[in-house]
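Descriptive structure summary
One-letter residues, chain by chain:
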Amino acid sequence: MNATDRTPADLLRSALAADPGRPLVTFYDDATGERVELSVATFANWVAKTANLLQGDLGAEPGDRLALLLPAHWQSAVWLLACASVGVVAEIGGDPAGADLVVSGPDTLEQGLACGGERVALALRPLGGRFPQAPPAGYADYAVEVPGQGDRFAPFVPVDAEGPGLVVGGEELSYAALTDRAREDAAKLGLGADSRVLTGLGYDTWDGLSAGLYAALAAGGSVVLCRNLDRLSAEALAQRVESERVTHTV
């Protein structure tokens, strides 16, 4: 990847320029049987639409704090890159009461109501589907709001790579520090452009975020992100490793 990239959004732009058609995130939920594969181009399109929603409809500005109350999921990865595109600080499992915005999954809706700012809910259904009935009270339904957003994104204000970008496990990282650490992790794992990293780790730690998104992105590789992996037998896991051409397992 480009050595001058200083933010996760820079890394995604470089990936898009290098090979937009290759897989970037392949997601499995072994509780539902869901499998979704997103190419770099498809993932980047979701990020652009989400960033436009964040900056435009939700009025988010650089430095705003967003409490991200989502599990490891392909849509969580989209939100992380959208935040980096706008300059919003993503706080993994952050306190909604102290946040400017909250993004909640179906299991954290009550908790998210403590946020006095904008609230967005994700049903986390296959193919990014909306909530079956009306959106949860007090929330906008992400699956309803995002499709009409623009396919290209430009921030109103350039993102400061040295500004705060991510809070995980009580540690705050700037976008530049996050990107540097992702490169270091990629080097330690020996990741390259052909690497496929399978991980069942959550997104509530740096190790989980790195294995499940940032390190592979920094290396030009891809991720096989598995939710509820403990439900998979050893034989089925071995079959997945083979069928997905996995090179590294975390």
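Quick caveat: nothing in here was measured; it's all calculated off a predicted structure.

Before going further, it helps to spend a moment on the nonpolar core. With 56 residues, the main nonpolar core has F43, L54, W79, L80, L166 and Y214 as its most contacted residues. A total of 9 residues in this core trace back to one element, the largest contributor, which is helix α3 (residues 74–86). Setting aside anything within four residues of it in sequence, one finds L166 in contact with L80, V89, A90, I92, E171, E172, L173, L178, W206, L209 and Y214. A67, L69, A121 and Y139 belong to the second largest nonpolar core, which has 10 residues in total.

What follows covers the sheet that holds strand β6 (residues 118–121). If you walk across this open sheet you meet the 7 strands as β7-β6-β5-β3-β4-β8-β9, and the pairing is mixed. Each edge of the open sheet is held by one strand with a lone partner, namely β7 (140–141) and β9 (171–174). When strand β5 (residues 101–104) meets β6, the two strands line up parallel, connected through 4 bridges. Residue pairing for β6: V102 is matched across the bridge by R119.

You will see that N228, though not glycine, has its phi angle at about 60°, which is positive. Its place among the elements puts N228 in the loop between β11 (222–227) and α8 (234–243). By relative accessible area, which is 27% here, N228 ends up partly exposed.

Mapped onto the fold, L53 is located in helix α2 (residues 40–57). Residue L53 is classed as buried on the basis of its relative accessible area of 2%. Each C-alpha atom of the pair L53 and F153 lies 9.9 Å from the other, and the pair is 100 residues apart in sequence. Ignoring sequence-local partners within four residues, the contact set of L53 consists of L58, W79, Y142, E145 and Q149.

Tracing the sequence through the fold places E244 in the loop between α8 and β12 (248–249). Engagement of the side chain of E244 in a polar contact is seen with the side chain of Y28, the distance being 2.4 Å. Beyond its immediate sequence surroundings of up to four residues, E244 is in contact with T26, Y28, R35, E37, R196 and V224.

For the rest of this paragraph, the subject is the sheet that holds strand β10 (residues 196–199). Across the sheet, which stays open at both edges, the 5 strands sit in the order β2-β1-β11-β10-β12 with mixed pairing between neighbours. Because the sheet does not close on itself, it has two edges, and the strands there are β2 (34–39) and β12. Here 5 bridges tie strand β1 (residues 23–29) to β11, and the two strands are oriented parallel to one another. Each residue of the ladder has a partner; that of T26, found in β11, is V224. Most of the contacts of α2 go to β2, to which it runs at about 90°, and overall it touches β1 and β2.

Criteria and cut-off values
As a convention, each chain's residues are numbered from 1 in the sequence order in which they are written. For this predicted model, a pLDDT threshold of at least 70 governs which residues receive local features, and a threshold of 80 or more governs which side-chain atom pairs are given and counted, while totals over whole chains, interfaces and linings are taken from all residues. Note that the side-chain values use all heavy atoms of the structure and ignore hydrogens as well as water. Buried Ala, Val, Leu, Ile, Met, Phe, Trp, Tyr and Cys residues form a nonpolar core when they are joined through side-chain atoms within 4.5 Å. Think of it in three bands: residues with accessible area under 20% of the maximum for their type are buried, residues over 50% are exposed, and the middle band is partly exposed, with areas taken using a 1.4 Å probe on protein chains only. What counts as a helix is a DSSP run of H or I of at least four residues, what counts as a strand is a run of E of at least two, and both are numbered from the N terminus. Residue contacts are defined here by distance: any two heavy atoms, one from each residue, within 4.5 Å place the two residues in contact. Strands were regarded as paired on the criterion that DSSP finds at least two bridges between them. Each polar contact in these results corresponds to two N or O atoms within 3.5 Å; when the atoms are within protein, one needs to be able to donate a hydrogen and the other to accept it, and residues that are neighboring in sequence are counted only if both atoms are side-chain atoms. An axis is simply a line fitted to the C-alpha atoms; with a helix, the fit covers only the stretch in contact. Between two such axes, the angle follows the N-to-C directions and lies from 0 to 180 degrees.

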